[in-house]
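Chain residues, written in single-letter form:
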Amino acid sequence: MSMQNTLKALSDPIRREILTMLKGGRMSAGEIVERFPVTGASISRHLSVLKDADLIRDTREGKFIYYELNASVLEEIMLWISDLKGEE
C-alpha cells in the first residue's frame, strides 16, 4: 500500500474518528453509521477509503460486516513519522 493512500485516508476527520472508534474493538457497519450525522452511503465510502489504504479490515458474518483496525499499517506510519522527527 502506498503512503500517499494512507495519508489521504487519514486526512479526513470522519475517517480519523472511525479509526478512533475501532481502537476500542471491532464494530459492525451499522454501529459505525449510528455514530455520525451523515448518510450510510457516506460512511460506506469512508470505510472503503480506509480499507483501500489497508488501515482497516472487514469480515462478513452472516448479513453483517464487521470492521477492525489493521494495527501493522498504523505502526508503519508511526515509525515513519518518528523517523522524520529524528526520534529513536
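Here the structure is shown first, and the text comes after it.
These notes cover the structure that comes with them.

Turning to the pairing of strand β2 (residues 56–61), a few remarks are in order. Strand residues, when the strand is regular, have side chains that alternate between the two faces of the sheet. Examined bridge by bridge, β2 and strand β3 (residues 64–69) share six bridges and lie antiparallel to one another. Residue pairing across strands places E61 opposite F64, the latter belonging to β3.

One open sheet holds the three strands; their spatial order is β1-β3-β2, and the pairing between them is antiparallel. One side of each edge strand has no neighbouring strand; the edge strands of this open sheet are β1 (27–28) and β2.

As a further point, take a nonpolar patch on the surface. Residues L7, M78, W80, I81 and L84 make up a contiguous nonpolar surface patch of roughly 470 Å² in combined accessible area. Assignment of secondary structure puts W80 in helix α5 (residues 71–85). What makes W80 partly exposed here is its relative accessible area of 35%.

Relative to the helices and strands, R15 is located in helix α2 (residues 13–22). For R15, a relative accessible area of 9% translates into the label buried. In sequence terms R15 and R45 are 30 residues apart; their C-alpha atoms lie 9.8 Å from each other. Not counting chain neighbours up to four residues away, the residues in contact with R15 comprise K8, A9, H46, V49 and L50. Side-chain polar atoms of R15 contact the backbone oxygen of A9, separated by 2.9 Å.

The next thing to look at is unusual backbone geometry. For D54, which is not a glycine, the phi torsion comes out positive at approximately 65 degrees. With respect to the element layout, D54 can be found in the loop between α4 (40–52) and β2. For D54, a relative accessible area of 29% corresponds to the partly exposed category.

Thresholds, definitions, all that
Residues numbered from 1 in each chain as written. Predicted model: local features only at pLDDT ≥ 70, side-chain atom pairs only at ≥ 80, totals over all residues. Heavy atoms only, no water. Pairing = 2+ DSSP bridges. Helix = DSSP H or I, 4+ residues; strand = E, 2+ residues; numbered from the N terminus. Patch = residues over 30% accessible without salt bridge, like charges linked within 9 Å, V, L, I, M, F, W, Y side chains within 5 Å. Areas by Shrake-Rupley, 256 points an atom, 1.4 Å probe, with all protein chains shown as cover. Salt bridge = Lys/Arg side-chain N within 4 Å of Asp/Glu carboxyl O. Buried < 20%, exposed > 50% of the residue type's maximum accessible area, 1.4 Å probe, protein only. Contact = heavy atoms within 4.5 Å. Polar contact = N/O pair within 3.5 Å; in protein donor to acceptor, adjacent residues only side chain to side chain.

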